[in-house]
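# Structural description and commentary
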Amino acid sequence: MNCLSYSIFGFNESYASCFDFRSYLRGLHINIRMAELLYPGWVVCVMIDEPSYDSPYKKYFDILEQNNKVRVYVKPHAELCAMMLYRLCPLFMIDTGIQKLTYDRVICRDTDSLITYKERQAVAYWEGTPKMAHAITDSISHTVALMGGMIGFQAGPFRERMGANTWESMFALSQGIDYSRKGADQDFLNRYVLPKVADSITEHYLLG
């Protein structure tokens, strides 16, 4: 199985330079529908922090999961960019309590950015290569190689290269990063992940 991974969090919280929770929720809803068109056969995974899942929107997430639109994984509330990095969780085995799931390829996307035919073609190109990582930069604001919402990995090779079998053990590799600061997830990706995957990556630099 392949996975399209999103993270949504921060119900009733405010982050500087970020949209509010409802804006991200609307974007997620549209992307779930777009994924049915552009990524048929892929599983949409939604990583959500506990306070957001236990919010008045819980029924919405439960209905999506019951209707096989998404798989919802509830994670502990954490610092801003640590929760952004929850998108990498499907690269590792996920124990739902009912079954243990693994995915072959995982791509991470932003809830507030609409998936497009252009990026789907880029992903299809990557799927036709032996490369284990994929990166897209398509904005002049994309000034680093790995953007948190524009990356993809083959799960097995990723775990081997990172030397980690769980998200927690991978996250523990980082040192000296302030995850309360916006952009810290990209610091982690470019400081700790990029050196491990740089020799096996398909890069689509459209801008940036």
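Now for a look at the structure at hand. In this text, all values refer to a predicted model and were calculated from it rather than measured experimentally.

## Details of the overall build of the protein
- Along the protein, the regular secondary structure elements total 8 helices and 9 strands.
- Whereas a compact globule of 208 residues would reach a radius of gyration of roughly 17 Å, the protein reaches 16 Å, a difference of no more than 12%.
- Taken over 208 residues, the protein has a buried fraction of 51%.
- Restricting to contacts in the protein with at least 6 residues of sequence separation, those with at least 24 account for 75%.
- Total accessible area computed for the protein in this model is approximately 10100 Å², and 51% of it derives from carbon and sulfur atoms.
- For the protein, the centre of its 21 positive side-chain charges and the centre of its 23 negative side-chain charges are spaced 4 Å apart.

## Overview of the packing of aromatic side chains
- Per the counting criterion, the structure on display carries 11 aromatic pairs.
- With a centroid separation of 5.6 Å and an interplanar angle of 45°, the aromatic rings of Phe21 and Tyr57 are classed as tilted. Within this pair, whereas Phe21 is found in helix α1 (residues 21-38), its partner Tyr57 is found in the loop between α2 (50-53) and α3 (58-66), the two being separated by 36 residues in sequence.
- Arranged with centres 4.8 Å apart and planes meeting at 10°, the rings of Trp167 and Phe171 form a pair that is stacked. Here the residue Trp167 and the residue Phe171 both occupy positions in helix α7 (residues 167-171), the gap between them amounting to 4 residues, near one helical turn.
- Ring pairing ties together the aromatic residues Tyr86, Trp167, Phe171 and Tyr179, which thus form one cluster.
- The ring of Tyr86 is capped by Lys75, whose NZ or CZ atom sits 5.7 Å from the centre of that ring.
- Taking NZ or CZ as reference, Arg105 lies 4.6 Å from the ring centre of Trp126, over its face.

## Some points on the pattern of salt bridges
- If you walk through the whole model with that rule in mind, you get 11 salt bridges.
- With a closest N to O distance of 3.2 Å, Arg109 and Glu119 form a salt bridge. Here Arg109 is found in strand β6 (residues 105-109), whereas its partner Glu119 is found in helix α5 (residues 117-127), with 10 residues between them in sequence.
- On the basis of relative accessibility, which here comes to 2%, the residue Arg109 falls in the buried class.
- Classification of Glu119 by relative accessible area gives buried; the value is 8%.
- Here Asp199 ties to Arg161 by a salt bridge, and the two come within 2.5 Å at their closest N and O atoms. With Asp199 in the loop between α8 (184-197) and β9 (201-205) and Arg161 in helix α6 (residues 155-162), this residue pair connects regions lying 38 residues apart in the sequence.
- Given a relative accessible area of 31%, Arg161 falls into the partly exposed group.
- Each of Arg87, Asp110 and Asp185 takes part in a single network of salt bridges with overlapping partners.

The rules behind each value
- Starting from 1, residues in each chain are numbered consecutively following that chain's sequence as written.
- Local features in this predicted model are restricted to residues of pLDDT 70 or higher, and side-chain atom pairs are both shown and tallied only at a pLDDT of 80 or more, whereas totals for entire chains, interfaces and linings draw on every residue.
- As a rule here, side-chain values cover all heavy atoms of the structure and leave hydrogens and water aside.
- In DSSP terms, a helix is any run of H or I states spanning at least four residues, a strand is any run of E spanning at least two, and both are numbered starting from the N terminus.
- The globule rule is 2.2 Å times the number of residues to the power 0.38, and the radius of gyration it is compared with is taken over C-alpha atoms.
- In this scheme, a residue with accessible area under 20% of its type's maximum is buried, one over 50% is exposed, and one in between is partly exposed, where area comes from a 1.4 Å probe on protein chains only.
- Here, residues are in contact when the closest pair of their heavy atoms is within 4.5 Å.
- Throughout, the Shrake-Rupley method with a 1.4 Å probe supplies accessible areas, and for residues the shown protein chains are the sole cover considered.
- Counted as positive: Lys and Arg. Counted as negative: Asp and Glu, with His and the chain ends omitted from the count.
- Think of each charge as sitting on NZ of Lys, CZ of Arg, CG of Asp or CD of Glu.
- Only rings of Phe, Tyr and Trp enter the pairing, Trp through its six-membered ring, and a pair is recorded when the two centres are within 6.5 Å. The plane angle decides the type: under 30 degrees is stacked, over 60 is edge-to-face, the rest tilted.
- Two thresholds decide whether a charge sits over a ring: the Lys NZ or Arg CZ must be within 6 Å of the ring centre and within 35 degrees of the ring normal.
- Criterion for a salt bridge: a side-chain nitrogen of Lys or Arg within 4 Å of a carboxyl oxygen of Asp or Glu.

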